[in-house]
Amino acid sequence: MLTCKEFLKELNDYLDDTLDPELRRELEGHAAECPNCWVIFDTSKKTIQIFKGLEPQPLPARVRDRLMAALERKMASKTSAKTRPPGPLTSPQA
Amino acid sequence: MYERKIYRLAKHITNSDEDAEDVLQETFLKAYEHLDSFLGHSRFYTWLVRIAVNEGLMKLRKRKTDRTVSLDETPEGLEEPVIREIAVWDGSPEKKYSQQELRALLNQAIQNLKPSFRTVFVLRDVEELSTEETAEVLNLSVPAVKSRLLRARLELRERLTAMFKKKGDDVFAYL
Ligand SMILES: [Zn+2]
(Lines give C-alpha, C1' and ligand atoms only; values in the text may rest on other atoms or scores of the structure.)
Protein backbone atom coordinates (compact mmCIF):
# COMPACT_ATOMS: atom_id res chain seq x y z
CA MET A 1 0.00 0.00 0.00
CA LEU A 2 1.33 3.45 -0.97
CA THR A 3 1.73 6.12 1.67
CA CYS A 4 0.08 9.51 1.17
CA LYS A 5 3.53 10.99 0.63
CA GLU A 6 4.27 8.53 -2.17
CA PHE A 7 0.87 9.25 -3.67
CA LEU A 8 1.63 12.95 -3.73
CA LYS A 9 5.02 12.33 -5.31
CA GLU A 10 3.38 10.56 -8.25
CA LEU A 11 0.40 12.90 -8.44
CA ASN A 12 1.71 14.85 -11.45
CA ASP A 13 2.11 11.81 -13.64
CA TYR A 14 -1.19 10.46 -12.37
CA LEU A 15 -2.89 13.71 -13.41
CA ASP A 16 -1.14 13.65 -16.79
CA ASP A 17 -1.94 9.97 -17.21
CA THR A 18 1.67 9.11 -17.93
CA LEU A 19 2.16 6.45 -15.23
CA ASP A 20 2.87 2.86 -16.10
CA PRO A 21 -0.25 0.74 -15.59
CA GLU A 22 0.93 -1.02 -12.45
CA LEU A 23 1.78 2.16 -10.54
CA ARG A 24 -1.42 3.70 -11.81
CA ARG A 25 -3.44 0.87 -10.27
CA GLU A 26 -1.61 1.40 -6.98
CA LEU A 27 -2.54 5.08 -6.98
CA GLU A 28 -6.14 4.31 -7.86
CA GLY A 29 -6.19 1.83 -5.00
CA HIS A 30 -4.82 4.42 -2.58
CA ALA A 31 -7.28 7.08 -3.71
CA ALA A 32 -10.15 4.65 -3.28
CA GLU A 33 -9.23 4.10 0.36
CA CYS A 34 -7.81 7.47 1.40
CA PRO A 35 -10.42 10.27 1.26
CA ASN A 36 -7.80 13.00 1.66
CA CYS A 37 -5.75 11.87 -1.31
CA TRP A 38 -8.89 11.35 -3.37
CA VAL A 39 -9.97 14.95 -2.67
CA ILE A 40 -6.49 16.26 -3.50
CA PHE A 41 -6.48 14.33 -6.76
CA ASP A 42 -10.02 15.42 -7.65
CA THR A 43 -9.50 19.10 -6.89
CA SER A 44 -6.11 19.15 -8.65
CA LYS A 45 -7.72 17.64 -11.73
CA LYS A 46 -10.47 20.26 -11.62
CA THR A 47 -7.90 23.02 -11.13
CA ILE A 48 -6.10 22.00 -14.31
CA GLN A 49 -9.33 21.55 -16.27
CA ILE A 50 -10.63 24.97 -15.36
CA PHE A 51 -7.44 26.64 -16.60
CA LYS A 52 -7.42 24.59 -19.80
CA GLY A 53 -11.06 25.45 -20.44
CA LEU A 54 -10.55 29.22 -20.54
CA GLU A 55 -10.55 30.76 -23.99
CA PRO A 56 -8.04 33.56 -24.58
CA GLN A 57 -9.72 36.94 -24.76
CA PRO A 58 -9.81 38.86 -28.03
CA LEU A 59 -7.10 41.49 -28.21
CA PRO A 60 -8.23 44.97 -27.19
CA ALA A 61 -8.73 46.95 -30.41
CA ARG A 62 -6.00 49.44 -29.54
CA VAL A 63 -3.48 46.65 -28.88
CA ARG A 64 -4.44 44.94 -32.10
CA ASP A 65 -4.12 48.14 -34.14
CA ARG A 66 -0.71 48.87 -32.68
CA LEU A 67 0.48 45.35 -33.47
CA MET A 68 -0.80 45.50 -37.04
CA ALA A 69 0.76 48.91 -37.65
CA ALA A 70 4.12 47.68 -36.36
CA LEU A 71 3.97 44.57 -38.53
CA GLU A 72 3.07 46.57 -41.60
CA ARG A 73 6.04 48.88 -41.02
CA LYS A 74 8.27 45.84 -40.60
CA MET A 75 7.01 44.23 -43.80
CA ALA A 76 7.46 47.42 -45.77
CA SER A 77 11.05 47.79 -44.59
CA LYS A 78 11.83 44.14 -45.29
CA THR A 79 10.42 44.28 -48.80
CA SER A 80 12.53 47.27 -49.68
CA ALA A 81 15.63 45.50 -48.35
CA LYS A 82 14.83 42.25 -50.16
CA THR A 83 17.68 42.39 -52.66
CA ARG A 84 20.36 42.23 -49.98
CA PRO A 85 21.71 38.80 -48.94
CA PRO A 86 20.32 37.59 -45.61
CA GLY A 87 22.50 38.63 -42.71
CA PRO A 88 23.31 36.74 -39.53
CA LEU A 89 20.42 36.09 -37.12
CA THR A 90 21.45 38.73 -34.65
CA SER A 91 21.93 41.53 -37.14
CA PRO A 92 20.12 44.70 -36.22
CA GLN A 93 16.96 45.33 -38.15
CA ALA A 94 17.13 47.51 -41.22
CA MET B 1 -5.55 33.14 -33.02
CA TYR B 2 -1.89 32.97 -32.06
CA GLU B 3 -1.84 36.64 -31.12
CA ARG B 4 -4.52 36.14 -28.46
CA LYS B 5 -2.65 33.29 -26.90
CA ILE B 6 0.68 35.10 -27.01
CA TYR B 7 -0.92 38.17 -25.40
CA ARG B 8 -2.40 36.02 -22.64
CA LEU B 9 0.93 34.29 -22.12
CA ALA B 10 2.73 37.64 -21.97
CA LYS B 11 0.24 38.89 -19.40
CA HIS B 12 0.69 35.81 -17.28
CA ILE B 13 4.45 36.11 -17.31
CA THR B 14 4.75 39.86 -16.80
CA ASN B 15 1.63 40.50 -14.68
CA SER B 16 1.26 43.77 -16.54
CA ASP B 17 -0.99 44.90 -19.40
CA GLU B 18 1.54 47.42 -20.59
CA ASP B 19 4.49 45.02 -20.62
CA ALA B 20 2.32 42.33 -22.21
CA GLU B 21 1.51 44.67 -25.07
CA ASP B 22 5.20 45.30 -25.70
CA VAL B 23 5.99 41.61 -25.45
CA LEU B 24 3.25 40.77 -27.94
CA GLN B 25 4.57 43.26 -30.41
CA GLU B 26 8.23 42.31 -29.99
CA THR B 27 7.36 38.63 -30.36
CA PHE B 28 5.65 39.05 -33.71
CA LEU B 29 8.25 41.47 -35.01
CA LYS B 30 11.07 39.10 -34.05
CA ALA B 31 9.25 36.11 -35.45
CA TYR B 32 8.79 37.92 -38.72
CA GLU B 33 12.38 39.11 -38.73
CA HIS B 34 13.78 35.65 -38.07
CA LEU B 35 11.31 33.60 -40.02
CA ASP B 36 14.24 32.29 -42.08
CA SER B 37 15.70 30.71 -38.98
CA PHE B 38 12.56 28.77 -38.16
CA LEU B 39 13.55 25.43 -39.58
CA GLY B 40 10.66 23.37 -38.40
CA HIS B 41 12.61 21.65 -35.62
CA SER B 42 9.72 22.43 -33.33
CA ARG B 43 6.11 23.43 -33.82
CA PHE B 44 5.71 26.98 -35.07
CA TYR B 45 3.65 27.84 -32.02
CA THR B 46 6.35 26.52 -29.67
CA TRP B 47 8.84 28.69 -31.47
CA LEU B 48 6.62 31.76 -30.99
CA VAL B 49 6.15 30.85 -27.34
CA ARG B 50 9.88 30.66 -26.85
CA ILE B 51 10.34 34.17 -28.24
CA ALA B 52 7.47 35.49 -26.10
CA VAL B 53 8.80 33.83 -22.92
CA ASN B 54 12.26 35.31 -23.47
CA GLU B 55 10.81 38.75 -24.08
CA GLY B 56 8.55 38.44 -21.05
CA LEU B 57 11.33 37.35 -18.73
CA MET B 58 13.49 40.20 -19.97
CA LYS B 59 10.71 42.61 -19.02
CA LEU B 60 10.53 41.07 -15.58
CA ARG B 61 14.26 41.33 -15.04
CA LYS B 62 14.20 44.96 -16.08
CA ARG B 63 11.72 45.75 -13.34
CA LYS B 64 14.14 46.49 -10.58
CA THR B 65 11.55 46.20 -7.86
CA ASP B 66 10.85 42.58 -8.69
CA ARG B 67 13.52 40.54 -6.98
CA THR B 68 11.90 37.17 -7.44
CA VAL B 69 12.56 36.82 -11.11
CA SER B 70 15.32 34.29 -11.65
CA LEU B 71 14.10 31.09 -13.23
CA ASP B 72 17.35 29.36 -12.38
CA GLU B 73 17.02 29.64 -8.64
CA THR B 74 16.31 26.47 -6.77
CA PRO B 75 12.89 27.17 -5.34
CA GLU B 76 13.08 26.63 -1.65
CA GLY B 77 10.70 24.29 0.09
CA LEU B 78 10.19 22.25 -3.05
CA GLU B 79 10.26 19.00 -1.10
CA GLU B 80 7.19 19.67 0.99
CA PRO B 81 4.30 21.24 -0.85
CA VAL B 82 1.75 22.73 1.50
CA ILE B 83 -1.66 21.12 1.66
CA ARG B 84 -4.18 22.82 3.90
CA GLU B 85 -7.43 22.85 2.01
CA ILE B 86 -8.91 19.39 1.79
CA ALA B 87 -12.47 19.90 0.68
CA VAL B 88 -14.57 19.04 -2.35
CA TRP B 89 -15.72 21.83 -4.61
CA ASP B 90 -19.23 23.12 -4.49
CA GLY B 91 -20.50 22.08 -7.90
CA SER B 92 -18.80 23.31 -11.03
CA PRO B 93 -17.34 26.85 -10.96
CA GLU B 94 -17.67 26.96 -14.75
CA LYS B 95 -21.43 26.94 -14.32
CA LYS B 96 -21.54 29.37 -11.41
CA TYR B 97 -19.34 32.12 -12.79
CA SER B 98 -19.23 33.86 -16.12
CA GLN B 99 -16.09 33.40 -18.23
CA GLN B 100 -15.13 36.94 -17.33
CA GLU B 101 -15.50 36.38 -13.59
CA LEU B 102 -13.64 33.10 -13.78
CA ARG B 103 -10.85 34.66 -15.78
CA ALA B 104 -10.40 37.35 -13.15
CA LEU B 105 -10.33 34.81 -10.32
CA LEU B 106 -7.89 32.52 -12.11
CA ASN B 107 -5.61 35.37 -13.13
CA GLN B 108 -5.42 36.51 -9.56
CA ALA B 109 -4.53 33.01 -8.41
CA ILE B 110 -1.80 32.66 -11.02
CA GLN B 111 -0.32 36.06 -10.29
CA ASN B 112 0.42 35.06 -6.73
CA LEU B 113 2.70 32.24 -7.79
CA LYS B 114 6.43 32.80 -7.92
CA PRO B 115 7.59 33.45 -11.51
CA SER B 116 9.55 30.20 -11.62
CA PHE B 117 6.39 28.20 -10.84
CA ARG B 118 4.02 30.48 -12.71
CA THR B 119 5.88 30.22 -16.01
CA VAL B 120 6.06 26.43 -15.91
CA PHE B 121 2.38 26.13 -15.03
CA VAL B 122 1.29 28.52 -17.77
CA LEU B 123 3.30 26.72 -20.44
CA ARG B 124 2.16 23.26 -19.39
CA ASP B 125 -1.44 23.73 -18.27
CA VAL B 126 -2.60 26.88 -20.04
CA GLU B 127 -0.65 26.80 -23.31
CA GLU B 128 -0.58 23.01 -23.21
CA LEU B 129 3.03 22.51 -24.23
CA SER B 130 4.47 19.08 -23.44
CA THR B 131 6.88 18.62 -20.54
CA GLU B 132 9.73 18.32 -23.03
CA GLU B 133 8.72 21.44 -24.96
CA THR B 134 8.43 23.38 -21.70
CA ALA B 135 11.87 22.20 -20.62
CA GLU B 136 13.28 23.27 -23.98
CA VAL B 137 11.65 26.71 -23.95
CA LEU B 138 12.78 27.48 -20.39
CA ASN B 139 16.18 25.78 -20.58
CA LEU B 140 15.24 23.59 -17.64
CA SER B 141 15.67 19.86 -17.12
CA VAL B 142 12.59 17.66 -17.42
CA PRO B 143 12.70 16.77 -13.69
CA ALA B 144 12.89 20.49 -12.82
CA VAL B 145 9.82 21.18 -14.97
CA LYS B 146 7.96 18.33 -13.31
CA SER B 147 8.75 19.34 -9.74
CA ARG B 148 7.87 22.99 -10.39
CA LEU B 149 4.69 22.00 -12.13
CA LEU B 150 3.60 19.84 -9.20
CA ARG B 151 4.31 22.66 -6.80
CA ALA B 152 2.42 25.17 -8.95
CA ARG B 153 -0.55 22.86 -9.41
CA LEU B 154 -0.79 22.20 -5.70
CA GLU B 155 -0.53 25.89 -4.83
CA LEU B 156 -3.25 26.78 -7.31
CA ARG B 157 -5.35 23.90 -6.04
CA GLU B 158 -5.09 25.44 -2.57
CA ARG B 159 -6.22 28.85 -3.76
CA LEU B 160 -9.01 27.58 -5.97
CA THR B 161 -10.27 25.19 -3.31
CA ALA B 162 -10.40 28.05 -0.83
CA MET B 163 -12.63 29.92 -3.31
CA PHE B 164 -14.75 27.08 -4.65
CA LYS B 165 -15.17 24.67 -1.74
CA LYS B 166 -18.49 23.84 -0.17
CA LYS B 167 -18.80 26.36 2.59
CA GLY B 168 -19.33 25.31 6.16
CA ASP B 169 -18.84 21.59 5.96
CA ASP B 170 -15.18 21.03 5.10
CA VAL B 171 -14.69 18.22 7.51
CA PHE B 172 -17.60 16.14 6.29
CA ALA B 173 -17.37 17.09 2.64
CA TYR B 174 -15.91 13.77 1.58
CA LEU B 175 -17.55 11.38 4.02
ZN1 LIG C 1 -3.50 9.24 1.17
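Residues numbered from 1 in each chain as written. Chains lettered and ligands numbered in written order. Predicted model: local features only at pLDDT ≥ 70, side-chain atom pairs only at ≥ 80, totals over all residues. Heavy atoms only, no water.

A. Molecular detail of the overall build of chain A. Scanning chain A for helices and strands turns up four helices and zero strands. Counted from the first residue to the last, chain A has its helices and strands arranged as α-α-α-α. Residues counted as buried form 36% of the 94 residues belonging to chain A. At a minimum sequence separation of 6, the contacts of chain A that also span at least 24 residues come to 54%. (Helix = DSSP H or I, 4+ residues; strand = E, 2+ residues; numbered from the N terminus. Buried < 20%, exposed > 50% of the residue type's maximum accessible area, 1.4 Å probe, protein only. Contact = heavy atoms within 4.5 Å.)

B. Spatial organisation of the overall build of chain B. Counting secondary structure elements, chain B contains eight helices and zero strands. For chain B, the N- to C-terminal ordering of α and β elements is α-α-α-α-α-α-α-α. In chain B, buried positions account for 49% of the 175 residues. Put simply, of all contacts in chain B between residues at least 6 apart along the chain, 71% involve residues at least 24 apart. Here chain B has roughly 8,600 Å² of accessible surface; of this, 51% comes from carbon and sulfur atoms. (Areas by Shrake-Rupley, 256 points an atom, 1.4 Å probe, with all protein chains shown as cover.)

C. Spatial organisation of the pattern of salt bridges. Taken as a whole, this structure holds 26 salt bridges over all chains when the rule is applied. The closest approach of N and O atoms between Arg24(A) and Glu28(A), which form a salt bridge, is 3.0 Å. On the criterion of helical spacing, the pair formed by Arg24(A) and Glu28(A) is a turn pair, its members being four residues apart in helix H2 (residues 21-33). Owing to a relative accessible area of 33%, Glu28(A) belongs among the partly exposed residues under this scheme. Between Glu158(B) and Arg157(B) there is a salt bridge, with the nearest N and O atoms lying 3.1 Å from each other. In this structure, Glu158(B) and Arg157(B) share a single accessibility class: buried. (Salt bridge = Lys/Arg side-chain N within 4 Å of Asp/Glu carboxyl O.)

D. Seen up close, helix H5 (residues 99-111) of chain B. Residues and elements named next belong to chain B. With 13 residues, H5 should reach 18 Å at 1.5 Å per residue; the first-to-last C-alpha distance of 18 Å fits that figure. Within H5, the full set of buried residues consists of Leu 102, Arg 103, Leu 106, Ala 109 and Ile 110. With its buried residues spanning 130 degrees around the axis, H5 presents them on a single face. (Expected span 1.5 Å × (residues − 1). Arc of directions from axis to C-beta.)

E. The arrangement of the interface of chain A and chain B in detail. Contacts between the two partners involve 42 residues from chain A, matched on the other side by 47 residues from chain B. Summed over the three residues of chain A that lose the most area to chain B, namely Ile50(A), Phe51(A) and Leu54(A), the buried surface amounts to 16% of that side. Inspection of the chain A/chain B interface yields eight salt bridges. Close ionic contact of Arg153(B) with Asp16(A) constitutes a salt bridge, the shortest N to O distance being 2.7 Å. At the junction of chain A and chain B, the tally comes to 14 residue pairs in polar contact (both at pLDDT 80 or more). For the side of chain A that touches chain B, the elements supplying multiple residues, two or more each, are helix H1 (4-15), helix H3 (35-52) and helix H4 (61-80) of chain A. Element by element, the count of residues in the side of chain A that touches chain B is highest for H3(A), at 13 residues. Within the side of chain A that touches chain B, the residues separate by chemical class into 22 nonpolar, nine polar and eleven charged. (Buried area = accessible area lost by both parts, 1.4 Å probe. Polar contact = N/O pair within 3.5 Å; in protein donor to acceptor, adjacent residues only side chain to side chain. Nonpolar A, V, L, I, M, F, W, Y, C, P; charged D, E, K, R; others polar.)

F. Region of interest: the coordination of the zinc ion. All names here are of chain A. Looking at the zinc ion, one finds its protein donor set to be Cys 4 (SG), His 30 (NE2), Cys 34 (SG) and Cys 37 (SG), positioned 2.0 to 2.3 Å from the metal centre. Angles of 98 to 116 degrees at the metal separate the four donor atoms of the zinc ion, which places the site in the tetrahedral class. Positions of the donor residues of the zinc ion, expressed as sequence spacing, correspond to C-x25-H-x3-C-x2-C. Look at Cys 34 and you get buried, because its relative accessible area is 13%. (Donors = N, O, S within 2.8 Å, 3.2 Å for Na, K, Ca; no water. Tetrahedral: all angles 85-135°; square planar, octahedral: opposite > 155°, others 65-115°.)

G. Highlighting the nonpolar core. Membership of the largest hydrophobic core comes to 52 residues, with the highest contact counts inside it found for Phe51(A), Val49(B) and Val53(B). Considering each element in turn, this core owes the most residues, nine residues, to helix H3 (residues 44-62) of chain B. Two domains share this core, each providing at least three of its residues, namely domain 1 (1-74) and domain 2 (90-175) of chain B. If near-sequence neighbours (up to four positions away) are discounted, Val49(B) is found in contact with Ile6(B), Leu9(B), Leu123(B), Leu129(B) and Val137(B). Core analysis: the second largest hydrophobic core is formed by 16 residues, Tyr14(A), Leu15(A), Ile40(A) and Ile48(A) among them. (Core = buried A, V, L, I, M, F, W, Y, C linked by side-chain atoms within 4.5 Å. Domains from an automatic or database assignment.)

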